[in-house]
Amino acid sequence: MLPNHLCSRRHFLHANGFGLGSLALAWLLKQDNLLASPVKPNVDGTIRYDLLPKKPNFQPKAKAMISLFMMGGPSQMDLFDPKPMLTKYDGQKFPGEIKYDNLAQASAKVLGSPWKFAPRGQCGMELSELLPYLSEVVDDITLIRSMQSGVSNHQQGLFAINNGRISGGRPTVGSWLTYGLGSETQELPAYMVLAHPGGLPTFQGEHYTNGWLPALYQGTLIRPTEPHILNLDPPAEFAGKPQDRQLALLKSFNEAHLTEHPGELDLQARISSYELAAKMQTAAKEALDITNEPEHIKKLYGVDKPETKDYATRCIIARRLVERGVRYVQVLNSGQSWDQHSALISALPKNCAAVDQPSAALIQDLKQRGLLDSTVVQWGGEMGRLPVLQNDAGRAKWGRDHNTFGFSHWVAGGGFKGGYVHGETDEWSHHAVKDIVHHYDFHATLLHNFGLDHTKLVYKRNGTNASLVDGQDARIVNELLA
C-alpha cells in the first residue's frame, strides 16, 4: 500500500469512480457538512460517538417510541375535548377575546362540534364518534387535554413540540433519545421516519433533523413505496465480496486517519455510519416488508381497506422496527392535512378514517406482543383549533383557526398511565386552565420514562450545555406516570 501522504482517502475516492456500494454511504458522506463540534459527553460521563446501547441515568420504563405526528393541528373540541358550552352558544357571538392567526377569514361566531361525544371504556373517557377504534383502547391511553406551547404559527409550533424551542435548527426528540441511549440494533438506523405517499409534511426535514447534534443522530427517511431506501443495493458487479473489499479498504483508511488524529469524533461517527449502511442492505429490506405478516394482523390494522391501507402499512412497519431494536420511529402525514381552516365537516372525518383504526391497532398489537409496556406511542400535532367559526361562507366551507393555548395529545405505553384524562381547558376549549402541560414539561416527562434526567442529557455547544428543554422551567408531570 502506498504511504498515506501519497494515497489519502481523498485521493482514493477521487481516483476510483466505482462508487461506495450503497446510497447510504454516499448519502452519509453528503451529510458531513452538518457534523457538529467535537465535544460530546454522553449521559454516563463517557465520550462515545456511536449508536451502541448506552446506560441511562436510572432504570427506564420505555425503550422505544413511535410518534404518530399529525401536522396541521387536529381539532381538540371535535375529537378529544367535549364542551357543552360550544353547543349551547353555537352560532352566537363569542363572549371573550380571541387571538386569530388568519384575520381575513375570522369570525366571532361560536362553532359547536357537529359530532357527538360519549364515555368510552371502563375509565369512561369521553371521545368523539369520529374515533370509534380509539374508543376501544381508551383504557390503555393517557389523554392530555391541557397541552400548551403558546405560539400559533405552524412552524414555531412544530419546533416547540419536536425540538423544545420555537426556533429551528435544533435537534428533535428522536435525535436526543438516540444520542442519549444509542440503539438496540446495529443493523438498522436508530431513528427512522416513515413518509406519506403524498409527500412530506410542511417544513419537511425539520421533522427529523439532528440540528447541531452529530449527523449520526439524524432521522433516516423511509419512502412509502419500493424502493423504500433509494440505491441501497450496490451495482451487480460490486455486490458481495467486491463490496466487502471496498468497505474494508475504506475502513482501513479511516482508522489510519483516526489514529493520526485522535479525538476526531466526527470521523468516529462516519466510520460507524458506513458500517451500519452495509448491514442495512439485508436488515432494512426484511424489516420494511410486511408481506409475511399474518392476514389477521393486516386486517386488524386495516391494510384491506383503501382508506386505511397506507397508514396501516406504515404502522405495521413501525411496530416491526421497534421489535428489531429501533429506538425512535416517526410516522408522518402529508403537507399539513389536519389544518382545517375550511371544509372541517368533510375533511376531519376523512383524516380520522385514515388513521383511527391503524393507530388503535398499533396499541392492541404492541400490547398482545408484550411490547406496549416498553414502547411509548404518541399521537398529536403541533397545535389545536379555536372555538369560533372561520370562513363563514356556508356550512361546507366552515373551519377553525389555530390555537396553541390549549390542545390535546394522547400517549400510551412506556410508563404512561392508562385510562386517564389529564388537565382541562376552559369551558370553550380555548385556554388550558388546569394541570397545564407545556411542551417542555412533556419532554422532561418523556425523557424520564426513558431513564434520562432532562437536566443531565446535554451536549456541549459553544461552551454551554445545550439540552432538549434548554433552560426552560420544565417539570416531570408525575400524574401522567403509571
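Residues numbered from 1 in each chain as written. Predicted model: local features only at pLDDT ≥ 70, side-chain atom pairs only at ≥ 80, totals over all residues. Heavy atoms only, no water.

1. As for the overall build of the protein
Okay, step 1: Per the secondary structure count, the protein includes twelve helices and 17 strands.
Okay, step 2: A buried classification covers 55% of the 482 residues belonging to the protein.
Okay, step 3: Taking the contacts inside the protein whose residues are at least 6 apart along the sequence as the reference set, 79% of them involve residues at least 24 apart.
Okay, step 4: For the protein, the exposed area adds up to about 19,600 Å²; of that, 52% sits on carbon and sulfur atoms. (Helix = DSSP H or I, 4+ residues; strand = E, 2+ residues; numbered from the N terminus. Buried < 20%, exposed > 50% of the residue type's maximum accessible area, 1.4 Å probe, protein only. Contact = heavy atoms within 4.5 Å. Areas by Shrake-Rupley, 256 points an atom, 1.4 Å probe, with all protein chains shown as cover.)

2. Thoughts on the packing of helix α10 (residues 309–323) against helix α11 (residues 344–368)
Okay, step 1: Where α10 meets α11, the axes come as close as 8 Å, and the angle between the chain directions of the two elements is 25 degrees. Here α10 lies roughly parallel to α11, going by the angle between them. Crossing angle aside, the handedness with which α10 passes α11 is right-handed. Between α10 and α11, the contacting residues are Tyr311, Ala312, Cys315, Arg319 and Val322 on the first element and Ala354, Val355, Pro358, Ser359, Leu362, Asp365 and Leu366 on the second. (Axes fitted to C-alpha atoms, helices over the stretch in contact; angles between N-to-C directions. Parallel < 35°, antiparallel > 145°, perpendicular 65-115°, else oblique. Left-handed = near helix turned anticlockwise from the far one by under 90°.)

3. A look at the pairing of strand β5 (residues 191–194)
Okay, step 1: Judged by which residues are buried, β5 turns out to be covered on both faces: Tyr191 and Val193 on one side and Met192 and Leu194 on the other are all buried.
Okay, step 2: Here β5 pairs with strand β7 (residues 328–331) via four bridges, running parallel. Looking across to β7, one finds that Leu194 is bridged to Val331.
Okay, step 3: Pairing of β5 with strand β6 (residues 220–222) involves three bridges; the strand directions are parallel. Its bridge partner being in β6, Met192 is matched across the sheet by Thr220. (Pairing = 2+ DSSP bridges.)

4. A closer look at the pairing of strand β2 (residues 117–120)
Along any regular strand, the residues point their side chains to alternate faces of the sheet.
Okay, step 1: Across four bridges, the pairing between β2 and strand β3 (residues 125–128) is antiparallel. Across the sheet, the residue bridging to Phe117 is Ser128, located in β3.
Okay, step 2: Taken together, β2 and the strand that follows it, β3, pair antiparallel across an intervening segment of four residues, in which Gly121 is found at a positive phi of about 65 degrees.

5. Some details on helix α12 (residues 439–449)
For an α-helix, the turn length of 3.6 residues means that residues three or four places apart are oriented alike.
Okay, step 1: In terms of residue burial, α12 counts as a mostly covered element, since ten of its eleven residues are buried.
Okay, step 2: When α12 is considered as a whole, its buried residues turn out to be His439, Tyr440, Asp441, Phe442, His443, Ala444, Thr445, Leu446, Leu447 and Asn449.
Okay, step 3: Gly451 occupies a position one or two residues after α12 and carries a positive phi of about 80 degrees.

6. Brief notes about unusual backbone geometry
Okay, step 1: One non-glycine residue, Ala343, adopts positive backbone phi at about 55 degrees.
Okay, step 2: With respect to the helices and strands, the residue Ala343 is situated in the loop between β7 and α11.
Okay, step 3: Positive phi is not limited to glycine here, since Ser429 has a value of about 60 degrees.
Okay, step 4: With respect to the secondary-structure elements, Ser429 resides in the loop between β13 (424–425) and β14 (432–434).
Okay, step 5: Taking relative accessible area as the criterion, Ser429 reaches 0% and is therefore assigned buried.

7. Focus on the pattern of salt bridges
Oppositely charged side chains may form a pair once their charged atoms are brought near each other.
Okay, step 1: Tallied over the entire structure, the rule returns 23 salt bridges.
Okay, step 2: The partner of Glu293 in a salt bridge is Arg369, and the shortest N-O contact between them spans 4.0 Å. Of this pair, Glu293 sits in the loop between α8 (265–287) and α9 (295–301) while Arg369 is found in the loop between α11 and β8 (375–380), placing the two residues 76 residues apart along the sequence.
Okay, step 3: Overall, Arg369 belongs to the partly exposed group, its relative accessible area being 33%. (Salt bridge = Lys/Arg side-chain N within 4 Å of Asp/Glu carboxyl O.)

8. Focus on the confidence of the model for the protein
Okay, step 1: Model confidence for the protein is summarised by a mean pLDDT of 86, while 81% of its residues fall at 70 or above.
Okay, step 2: In the model, residues 12–42 has pLDDT below 50 throughout and makes 73 contacts with residues more than four positions away in sequence or in other chains. (pLDDT = per-residue confidence, 0-100.)

9. Some details on the nonpolar core
The nonpolar side chains of a soluble globular protein tend to be buried with one another.
Okay, step 1: With 58 residues, the main nonpolar core has Ile66, Leu68, Leu79, Phe80, Leu321, Trp379 and Trp410 as its most contacted residues.
Okay, step 2: Looking at this core element by element, the count peaks at nine residues for α11.
Okay, step 3: Discounting chain neighbours no more than four positions away, the residues touching Trp410 are Phe80, Leu134, Ile141, Thr142, Leu143, Ser359, Ile363, Val377, Gln378 and Trp379.
Okay, step 4: Residues Leu51, Trp176, Tyr328 and Leu468 belong to the second largest nonpolar core, which totals 41 residues. (Core = buried A, V, L, I, M, F, W, Y, C linked by side-chain atoms within 4.5 Å.)

10. Focus: the environment of Arg475
Okay, step 1: With respect to the element layout, Arg475 can be found in the segment after β17 (464–466).
Okay, step 2: With relative accessibility at 32%, the residue Arg475 sits in the partly exposed group.
Okay, step 3: When the C-alpha atoms of Arg475 and His438 are compared, they prove to be 9.1 Å apart, with 37 residues separating the residues in sequence.
Okay, step 4: Excluding anything up to four places from it in sequence, Arg475 contacts Ile436, Asp441, Ala444 and Thr445.
Okay, step 5: Side-chain polar atoms of Arg475 contact the backbone oxygen of Ile436, separated by 3.4 Å. (Polar contact = N/O pair within 3.5 Å; in protein donor to acceptor, adjacent residues only side chain to side chain.)

11. Regarding the side chain of Gln340
Okay, step 1: Secondary-structure assignment places Gln340 in the loop between β7 and α11.
Okay, step 2: Among the residues examined, Gln340 registers a relative accessible area of 4% and is labelled buried.
Okay, step 3: Contact partners of Gln340, with chain neighbours within four places excluded, come to Ala347, Leu348, Asn351, Arg385, Gly399 and Arg400.

12. Things to note about the packing of aromatic side chains
Each aromatic ring pair is specified by the distance between its two centres and by the angle formed by the two planes.
Okay, step 1: This model, assessed by the stated rule, comprises twelve aromatic pairs.
Okay, step 2: With centroids separated by 6.0 Å and ring planes inclined at 80 degrees, the aromatic side chains of Trp176 and Trp212 adopt a geometry described as edge-to-face. Placement of the pair is Trp176 in helix α6 (residues 173–181) and Trp212 in the loop between β5 and β6, with a sequence separation of 36 residues.
Okay, step 3: The exposure class assigned to Trp176 is buried, which follows from its relative accessible area of 0%.
Okay, step 4: For Trp212, a relative accessible area of 10% corresponds to the buried category. (Phe/Tyr/Trp six-rings, centres within 6.5 Å; stacked < 30°, edge-to-face > 60°.)

13. Let's talk about helix α5 (residues 154–163)
Okay, step 1: For α5, the tally of buried residues reaches eight of ten residues, placing the bulk of the element in the interior.
Okay, step 2: Within α5, burial applies to His154, Gly157, Leu158, Phe159, Ala160, Ile161, Asn162 and Asn163.
Okay, step 3: Among the residues of α5, the N-terminal cap falls to Asn153, whose side-chain oxygen and the backbone nitrogen of Gln155 are separated by 2.8 Å.
Okay, step 4: A positive backbone phi angle near 95 degrees is found at Gly164, which sits one or two residues after α5.

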